[in-house]
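Residues per chain are reported as follows:
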Amino acid sequence: MLTTKGFRVAGYLGHIVNKKTREANELVWLRNIQKNKEYYIKGNPLPKGLVAYLIGAGPSLERNVDELKNIGSRGVVICIDANLRYLLSKKIIPEYCVSLDASNKIWKMIKPIVKNTKEITLVANAASNTKLIKYWLGP
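The rules behind each value
Here the residue numbers are simple positions, counted from 1 along each chain's written sequence. Selection of residues for local features in this predicted model requires a pLDDT of at least 70, selection of side-chain atom pairs for listing and counting requires 80 or more, and totals for whole chains, interfaces and linings are taken over all residues. For the side-chain quantities, the full set of heavy atoms in the structure was used; hydrogens and water were omitted. Between any two strands, pairing holds if DSSP finds at least two bridges. Going along the chain from the N terminus, every DSSP run of H or I of four or more residues is numbered as a helix, and every run of E of two or more is numbered as a strand. For a crossover, the right-handed case is the one in which the path from the first strand over the helix to the second runs clockwise, viewed with the strands pointing away from the viewer. For every residue, the predictor reports its confidence as pLDDT, a number between 0 and 100. A pairing counts as a salt bridge when a side-chain nitrogen of Lys or Arg comes within 4 Å of a carboxyl oxygen of Asp or Glu.

Bringing the pairing of strand 4 (residues 121–124) into the picture now. As judged from the four bridges shared by strand 3 (residues 96–99) and strand 4, these two strands associate in the parallel manner. Within strand 4, the position partnered with Val98 by the bridge is Val123. Regarding the hand of the β-α-β motif, the stretch spanning strand 3, helix 4 (residues 104–110) and strand 4 is right-handed.

A positive phi is found at Lys91, a non-glycine position, where the angle reads about 65°. Assignment of secondary structure puts Lys91 in the loop between helix 3 (81–89) and strand 3.

Summing up the model confidence of the protein chain, the mean pLDDT is 83 and the portion of residues at 70 or higher is 88%. No element of the protein chain has a lower mean pLDDT than helix 1 (residues 4–40), at 76, and none a higher one than strand 3, at 93.

Turning our attention to the pattern of salt bridges. Per the counting criterion, the structure on display carries two salt bridges. We note a salt bridge from Glu23 to Lys20, for which the minimum N-O separation is 3.9 Å. With Glu23 and Lys20 both in helix 1 and three residues apart, the pair spans about one turn of that helix. Lys69 is the salt-bridge partner of Asp66, the closest N and O atoms lying 3.5 Å from each other.

Laid out in structure tokens, this is it:
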């Protein structure tokens, strides 16, 4: 358990890390916001379904992936960009994919499967990777 001093030090370090992250990425984020602007003007379709199943990356996904095939019209599957390729390989097409990363590693992960994104709504922020936003086929 952290002491009061430990909490102050941890808070300070967290503040410094956040500041350094903003400084390191500020220009990329600003450039991406400008490039992605044309895609955000279009808007998105209304959400559908009753229950949202949020699918993160982790060891439990591999154990439980087959359960996602039984959801049907009871709800919607929302995944993160890091596990989209895996879900598609298991014949699971999520309704939504969340991507908040501006880095090129995200585009490298999605590029081989981008042709399979027509039925998937991308949920991304304005600073997300510009190639991902540009080449995504769905809303």
